[in-house]
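So you can see what is in the structure, the chains are spelled out below.
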Amino acid sequence: MVKKTIGYHVDQDAGKSVRDDLIIGYAATKAEGLKMLADYNSNPYDLKVSNLTFEGLYEEWSEREFKSASNATISAHKAAFAACAPLHNKLFIDINSGDLQYLFDTTDKNYPTMRKMKNLISLMYKYAMKYDYVTKDYSQYIDLSDFRDKNPNKYSRSKFTDEEINLLFEHSDNHMCQTVLMLIYSGVRITELLNLKKSDVHLEERYFDITASKTKSGIRKVPIAEKVYPFFKWWYDDTGSDYLIHHENGKKYSYDNYYKDRFLPLMDQLKIKHTPHCCRYTCSSLMHRAEVLETIRKKILGHSQDLINNTYTQLDIQELVDAINKI
């Protein structure tokens, strides 16, 4: 430990003077420590910066950045930071281009995640340079050109085939299978279904309300198809949960918990490779094949509509129900 005495204070309990030491850093040998002390004495520097780790800088940067960022952006940055775990405890000023490239050369993350990691590191360097923590941005030297095809977990965003849908119905005693079919026959986004409260579900009238969505046009009434009505009713009647889709204890599913712990294992079990978004794509394709009017199809899916289609806003819910029952 390399330290320097900067003053004294009186320890009232011990009744004696106690030295106040400033820890400058740590060195492998006494000679290196003496040099560190000499360097500090000749040119005192901000010890906060010299002792700031990658994690410490991230916490300082994120405290400011997250005040005006969207929830989606915050979530993406947090995931990217977690993927940079090998750097967390390294002093930021000691990190160089070799350390950064090694992180990407050895990570098991796919290319889209690697891009988010690089973006986060670039933003952190921009912040660090703004406040003179560092004088060089090493993130600009990160090379991802060899990893463009590195996406081992990639699933094609394609529609479920008729055979795959039939397979889901064959296993519809599995309540997670039911949720997949509910997604396919409603076209809602997975987050819209997971956030759906029972108070917004109208079983007798065969529709439910989406009251919060990523887009303005996403606020809508969604019809319940007869093919999946029994599944909606089962979930509605199960437990006293406020949410339609819920854990056994009634608690709401998070996206990660549903996707990683329920959806993906189910797909593996059935030997199907799809994402939740494929359900939405499938619904759109099925309606197109059934020759559902584009205006009604957009209304059900919550797609933005052009000026002409926006004049047709008083669709009766029965028209939507009739349309979804065509698929």
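Up top is the structure.
Residues numbered from 1 in each chain as written. Predicted model: local features only at pLDDT ≥ 70, side-chain atom pairs only at ≥ 80, totals over all residues. Heavy atoms only, no water.

A.B. asks: Got a minute to help me understand the overall build of the protein in this structure?
C.D. replies: Tallying secondary structure elements over the protein gives 15 helices and 5 strands in all. Looking at the protein alone, contacts between residues at least 24 apart form 58% of all its contacts between residues at least 6 apart. (Helix = DSSP H or I, 4+ residues; strand = E, 2+ residues; numbered from the N terminus. Contact = heavy atoms within 4.5 Å.)

A.B. asks: Teacher, can you tell me more about the sheet that holds strand 5 (residues 220-223) here?
C.D. replies: Working definition: the strands of a sheet are paired by backbone hydrogen bonds and lie parallel or antiparallel to each other. Pairing is antiparallel in the open sheet, where 3 strands are placed in the order 3-4-5. The open sheet terminates on both sides in strands that have one partner only, identified here as strand 3 (201-202) and strand 5. Where strand 3 meets strand 4 (residues 207-210), 2 bridges bridge the pair, whose relative direction is antiparallel. Directly across from His 202, in strand 4, lies its bridge partner Tyr 207. (Pairing = 2+ DSSP bridges.)

A.B. asks: I tried to follow the packing of helix 12 (residues 276-289) against helix 13 (residues 294-301) on my own but got confused; where do I start?
C.D. replies: A pair of packed helices is captured by two measures, namely the crossing angle of their axes and the spacing between those axes. The contact between helix 12 and helix 13 brings their axes to 10 Å, and the two run at 160°. When the interaxial angle is binned, helix 12 and helix 13 end up roughly antiparallel. As for how helix 12 packs across helix 13, the hand of that crossing is right-handed. Only Arg 297, Ile 300 and Leu 301 of helix 13 make contact with helix 12, whose side of the interface consists of Arg 280, Cys 283, Ser 284, Met 287 and His 288. Split into classes, the residues belonging to the contact of helix 12 with helix 13 amount to 4 nonpolar, 2 polar and 2 charged. (Axes fitted to C-alpha atoms, helices over the stretch in contact; angles between N-to-C directions. Parallel < 35°, antiparallel > 145°, perpendicular 65-115°, else oblique. Left-handed = near helix turned anticlockwise from the far one by under 90°. Nonpolar A, V, L, I, M, F, W, Y, C, P; charged D, E, K, R; others polar.)

A.B. asks: Looking at this structure, I do not really get the packing of aromatic side chains. What am I missing?
C.D. replies: The description of an aromatic ring pair uses the distance of the two centres, along with the angle that the planes make with each other. All chains considered together, the criterion is met by 20 aromatic pairs. On the basis of an interplanar angle of 80° and a centroid distance of 6.4 Å, the ring pair of Tyr 58 and Phe 66 is categorised as edge-to-face. According to the relative accessible area criterion, Tyr 58 is buried, its value standing at 6%. Seen in terms of ring centroids, Tyr 253 and Tyr 258 are 6.0 Å apart; in terms of plane orientation they differ by 80°. Their pairing is edge-to-face. Overall, Tyr 253 belongs to the buried group, its relative accessible area being 1%. In this structure an aromatic cluster arises from ring pairing among Phe 54, Tyr 58, Trp 61, Phe 66, Phe 81, Phe 92, Tyr 125, Tyr 138 and Tyr 141. The positively charged end of Arg 206 is found above the aromatic ring belonging to Tyr 229, 3.7 Å away from the centroid. Geometry around Tyr 243 places Lys 252 over its ring, the cationic atom sitting 5.9 Å from the centre. (Phe/Tyr/Trp six-rings, centres within 6.5 Å; stacked < 30°, edge-to-face > 60°. Buried < 20%, exposed > 50% of the residue type's maximum accessible area, 1.4 Å probe, protein only. Lys NZ or Arg CZ within 6 Å of the ring centre and 35° of its normal.)

A.B. asks: Just to check I follow, could you spell out helix 5 (residues 97-106) for this structure?
C.D. replies: Quick reminder: α-helices carry 3.6 residues per turn. Residues three or four places apart thus point the same way. Taken residue by residue, helix 5 has Leu 100, Gln 101, Leu 103 and Phe 104 as its buried positions. Down the axis of helix 5, the sector holding all buried residues measures 150°, keeping them to one side. In this fold, the buried residues of helix 5 make contact with helix 4 (71-83) and helix 6 (111-130). Of the residues flanking the start of helix 5, the one acting as N-cap is Asn 96, its side-chain oxygen 3.0 Å from the backbone nitrogen of Gly 98. (Arc of directions from axis to C-beta. Polar contact = N/O pair within 3.5 Å; in protein donor to acceptor, adjacent residues only side chain to side chain.)

A.B. asks: Help me understand the side chain of Ser 172, please; the structure alone is not making it clear to me.
C.D. replies: Looking at where Ser 172 falls in the secondary structure, it is placed in the loop between helix 7 (162-170) and helix 8 (175-184). Only 2.8 Å separates the side chain of Ser 172 from the backbone oxygen of Phe 169, close enough to count as a polar contact. Setting aside residues no more than four positions away along its own chain, Ser 172 makes contact with Cys 177, Gln 178, Leu 181 and Phe 231.

A.B. asks: Would you mind going over unusual backbone geometry with me for this structure?
C.D. replies: Leaving glycine aside, a negative phi is the common case for residues, and trans is the common case for peptide bonds. In this model, Thr 239 sits at a positive phi of 60°, which is unusual for a non-glycine residue. When you line up the elements, Thr 239 lands in the loop between helix 10 (229-237) and helix 11 (255-270). Phi at Lys 271 takes a positive value of approximately 60°, unusual for a residue other than glycine. Note that Lys 271 resides in the loop between helix 11 and helix 12.

A.B. asks: Would you explain the packing of helix 8 against helix 10 in this entry?
C.D. replies: Between helix 8 and helix 10, whose axes approach to 9 Å, the crossing angle comes to 125°. Viewed along their axes, helix 8 and helix 10 adopt a mutual orientation that is oblique. For the element pair helix 8 and helix 10, the recorded crossing hand is left-handed. Contact residues: His 175, Met 176, Gln 178, Thr 179, Leu 181 and Met 182 in helix 8; Phe 231, Phe 232, Trp 234 and Trp 235 in helix 10.

A.B. asks: Got a minute to help me understand the nonpolar core in this structure?
C.D. replies: Soluble globular proteins tend to bury their nonpolar side chains together. By size, the foremost hydrophobic cluster in this structure holds 52 residues, and its most contacted members are Phe 160, Val 180, Ile 184, Phe 208, Leu 244 and Tyr 258. The residues touching Phe 208, leaving out its near neighbours within four places in the chain, are Ser 186, Val 188, Leu 196, Asp 200, Val 201, His 202, Arg 220, Lys 221, Val 222, Pro 223, Ile 224 and Phe 232. Core analysis: the next-biggest nonpolar cluster, separate from the first, contains 31 residues, Phe 66, Leu 87, Phe 92 and Tyr 111 among them. (Core = buried A, V, L, I, M, F, W, Y, C linked by side-chain atoms within 4.5 Å.)

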